[in-house]
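Spelled out from the first residue to the last, the chains are:
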Protein chains: 2
Amino acid sequence: MKLSRYFLPVLKDISSDAKIKSHQLMLRIGMIRQSSAGIYSWLPLGYKILKKIEKVVREEQDKSGAIEMLMPTIQSSDIWRESGRYESYGEEMLRFKDRQDRELLYGPTNEELITQLFRDNIKSYKSLPLMLYHIQWKFRDEIRPRFGIMRCREFLMKDTYSFDLSKEDAQKSYFRMMLCYLKTFQKLELKAIPTKAETGPIGGDLSHEFIILADTGESEIFLDKNILNFDPSNLKYSENSFLEISNHYSKYYSATTEMHDKDKFEKITTKKSQMIKKGIEVGHIFYFGQKYSKPLNAIVNSKDGKNVNVYMGSYGIGVSRLVGAVIEAKYNNNIMKWPKSITPFHVAIINLGKKNDSISKKAFKLYDELLKNNFEVIIDDTENNPSNKFKNFDLIGIPFQIIVGSKNKDEEFEFKELGKDTKVVKIKELINILEKEYKIVK
Amino acid sequence: MKLSRYFLPVLKDISSDAKIKSHQLMLRIGMIRQSSAGIYSWLPLGYKILKKIEKVVREEQDKSGAIEMLMPTIQSSDIWRESGRYESYGEEMLRFKDRQDRELLYGPTNEELITQLFRDNIKSYKSLPLMLYHIQWKFRDEIRPRFGIMRCREFLMKDTYSFDLSKEDAQKSYFRMMLCYLKTFQKLELKAIPTKAETGPIGGDLSHEFIILADTGESEIFLDKNILNFDPSNLKYSENSFLEISNHYSKYYSATTEMHDKDKFEKITTKKSQMIKKGIEVGHIFYFGQKYSKPLNAIVNSKDGKNVNVYMGSYGIGVSRLVGAVIEAKYNNNIMKWPKSITPFHVAIINLGKKNDSISKKAFKLYDELLKNNFEVIIDDTENNPSNKFKNFDLIGIPFQIIVGSKNKDEEFEFKELGKDTKVVKIKELINILEKEYKIVK
């Protein structure tokens, strides 16, 4: 991509409404623009990152055995009356009538709709266990939207729903998804801590929030720092793994302010291992058994011919919120660095030449060569001055930069990983490094 | 994917409301379910196909030079008042108020929002030409939704917007997108005819609908059959190509009922070349110059320092509608066959064995082997009877089937391309055939 042909409007001054660094950065480098209160357009750079996060989330869902589908954004009020939530959900639900005077709403979540789909299409225990997910825009009519896409009204969420024949099976599904979430956040280079949570408007018996640590987080989290030492990468989806997770996270203390028990914290953690940090919620999982399958009458026939209301859980990841959360975690001292799994481009070429001079030609030759090798490349071919270019690309956050200026010999390039030292390399070496870094297999 | 673990609810009886074959098939094989009038959930099979069509559309957009972004589904009424369409758009626009009593609407199209984004972020001719697109759900409150996802209320549309400094440049953008559409529909194995159209609520000076021929189409189309002889596959994005397209489609007659001129038709076509067919609209492009840039004040500075209201066009493809349109075009005599570019799976294994018998084991060995070779495979491991399995897979429409039964030797398989004869092949040959058919490069 040539920067001169891209739509990446960089701002010098940003609105003073932008209080946290993710909101500031996203406005600054043209990732998003607000179109009305709490509703945003995603400009090309922001959308590219959002899609990459979505892809990581999708791949991990698929590996866990969950199956993708899509429910609509607009729902009928009827099923929400059946579940009893139409009245109780409150003003965050955006409600309206269509031209035929039918009561509709913009889905804030999908427990009702998925339960109805299950009820109408699945009759036998043979179809269980079943996990379905979708990645769809939701709307919650926040009274005071703020912090950019971190607390906005229209947001992208991945929500999974599990269906099981018994409470025991349902709890396996719960830990299956917990493992999937740990793997997902690890891919995003985030350390997410599953922390017992209140069940709120979703309801149910068991719930965990996934909190990542970031100094600018909204909520406070109390924890035993040993809880951070858990590596899910080699765990398979098996009962042993589920047990291992359950043991680890019940062994070490973690709690948000709402759930914090000061006496317990003091009792079961050592002074040395105590941590009190700010955190950001990036996921939330619920086990709620028959809470929706009973009122909505979602029944399967068991092996011995009995009618059983299915046991369910739901599992959410804030996909659009994660864009902000990653920035909160990774943006420091005016340098942003995207995790390699979700960087908008693999590498940036900062061309310090002028239009059609020998430096520019060298830069474009490199650009073509990298494209030919299947890298996603952006080249700064604008007329901005060098210091401006450097400053912008430190904010744009592509992990690798190649600076093409007058300093180097014809076949040599200045190559830099953000936050590390510059080295001079030839093109073959450059391609090797990038292929290794991005695990591109030829 | 194991069919027993998939969510693919096949119906024996479908509602008599389903009048056209795409609607019938999509209900029958569990691609969609209606959740309320004209609003559908996309079940896994249907969603997989929708995503594949989206991918083809996206890839061709990217090749044309258009840049992807995303605008929200919910818009403020303010910008629609600025353009003057808030009053004129009519009841198909779903309007409502949020909890703060602000007037909002669910976007039926995005000319206003993109013009506002352009106005607020782009100031110089240097950023032009620019083409931006997004693929987003839209809502049109049809008074009488029907034909399944062909005329529904919540639908997925790809809409592109072009911005140019002059009328001449804007018309190049118009033909650039026309070429892109011809290439897109060709990838989907559809013959789409750009046909002059009325500009309707979008407005403007110039407009083409893209119509594909299908016996069950809603609208009638009159054409010179020579118009069908046009191959866009080797055309590059250049002015020569744009001229070639323009010449071809103005040389040969085509018109929908609304635009049909009987006398002209008789005069410029020979009796032998006349065709009157049913057609389905799958795309619509508009050139409307300064219609939105003037009221919304979208101005750039030209090279000689003048203020110019940008010249714009908009270009839509009904992505969800295409799922139905492909079925209308490709589904005949109880056999559906998806184009290879969008088939939900590369190949289906129809296992006629019983659980864990030697036939089943052979089938699963093949399944593992094909997965290892990076094919998308579905295996029917259910307890349905063979005739049922054959019937279902002829409807599901995966182009290649492998039947594993008792007839063949251990290392041999019955292999069939839908609509062609069965042949007996060994596994290596099978993999070779599939790699060739799907152009998989190793």
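Look up: the structure comes first, before these words.
Small disclaimer: the values here were computed from a predicted structure and weren't measured.

What follows concerns the overall build of chain A. Each helix and strand in chain A was counted, giving 12 helices and 21 strands. Rg of the C-alpha trace for chain A: 24 Å, near the compact-globule value of 22 Å for 442 residues, within the 12% margin. A principal-axis box enclosing the C-alpha atoms of chain A has dimensions of 80 × 60 × 45 Å. Excluding contacts between residues fewer than 6 apart, the proportion of contacts in chain A whose partners are at least 24 apart in sequence is 74%.

This next bit is on the interface of chain B and chain A. With 39 residues of chain B in contact, the opposing surface of chain A contributes 39 residues. Those elements that place two or more of their residues in the side of chain B that touches chain A are strand E1 (32-36), strand E2 (39-42), helix H2 (44-64), strand E3 (67-68), strand E4 (74-76), strand E5 (94-97), helix H5 (111-121) and strand E7 (130-139) of chain B. Grouping the amino acids of the side of chain B that touches chain A by side-chain chemistry returns 24 nonpolar, 7 polar and 8 charged.

On to the relation of the copies chain B and chain A, then. Of the transformation superimposing chain B on chain A, the axial component is 0.0 Å and the angular component is 180°, with the fit at an RMSD of 0.0 Å. The superposition operator between the copies reduces to a two-fold rotation axis. Relative to the rotation axis, the C-alpha of phenylalanine 96 of chain B is the closest in chain B, positioned 3.0 Å from it.

Next up on the list: the pairing of strand E16 (residues 311-318) of chain A. All names here are of chain A. Judged by how many residues are buried, E16 sits mostly within the fold: 8 of 8 residues are covered. By the alternation rule, side chains of E16 split into Tyr311, Gly313, Tyr315 and Ile317 and Met312, Ser314, Gly316 and Gly318, which are all buried. Summarising the sheet, strand E8 (residues 154-164) and E16 pair through 8 bridges and their orientation is antiparallel. Within E16, the residue paired with aspartate 164 across the bridge is tyrosine 311. Strand direction decides the pairing type here: strand E13 (residues 274-289) and E16, joined by 6 bridges, are antiparallel. Bridge pairing in E16 links glycine 289 to methionine 312.

Our next topic: the sheet that holds strand E6 (residues 103-106) of chain A. Residues and elements named next belong to chain A. The strand order across the open sheet formed by 3 strands is E4-E6-E5, and the pairing between neighbours is antiparallel. The sheet is open, and its two borders are formed by strand E4 (74-76) and strand E5 (94-97), each paired with just one other strand. Taking each pair of neighbouring strands and ignoring which way they run, the sheet shows an average axis angle of 35°.

Here we come to the environment of methionine 71 of chain A. For methionine 71 of chain A, the position within the fold is in the loop between strand E3 (67-68) and E4. Distance from methionine 71 of chain A to proline 9 of chain A, taken between C-alpha atoms, is 34 Å for residues 62 residues apart in sequence.

On to the sheet that holds strand E21 (residues 422-426) of chain A. Residues and elements named next belong to chain A. Spatially, E18-E17-E19-E20-E21 is the arrangement adopted by the 5 strands of the open sheet, whose pairing is mixed. Two strands bound the open sheet, and with one partner strand each, they are strand E18 (377-380) and E21. Strand-to-strand, the axes of this sheet are offset by a mean angle of 30°, without reference to chain direction. Pairing of strand E17 (residues 347-351) with strand E19 (residues 400-404) involves 5 bridges; the strand directions are parallel. If you follow isoleucine 350 over to E19, its bridge partner there is isoleucine 403. Of the strands in this sheet, E17, E18 and E19 touch helix H11 (residues 386-396), which is tilted by about 170° from E17.

About the criteria used
- Residues numbered from 1 in each chain as written.
- Chains lettered and ligands numbered in written order.
- Predicted model: local features only at pLDDT ≥ 70, side-chain atom pairs only at ≥ 80, totals over all residues.
- Helix = DSSP H or I, 4+ residues; strand = E, 2+ residues; numbered from the N terminus.
- Rg over C-alpha atoms; globule rule 2.2 N^0.38 Å.
- Contact = placed C-beta atoms within 7 Å.
- Nonpolar A, V, L, I, M, F, W, Y, C, P; charged D, E, K, R; others polar.
- Least-squares fit on C-alpha atoms with pLDDT ≥ 70 in both.
- Buried ≥ 20, exposed ≤ 12 C-beta atoms within 10 Å, placed from the backbone.
- Pairing = 2+ DSSP bridges.
- Axes fitted to C-alpha atoms, helices over the stretch in contact; angles between N-to-C directions.

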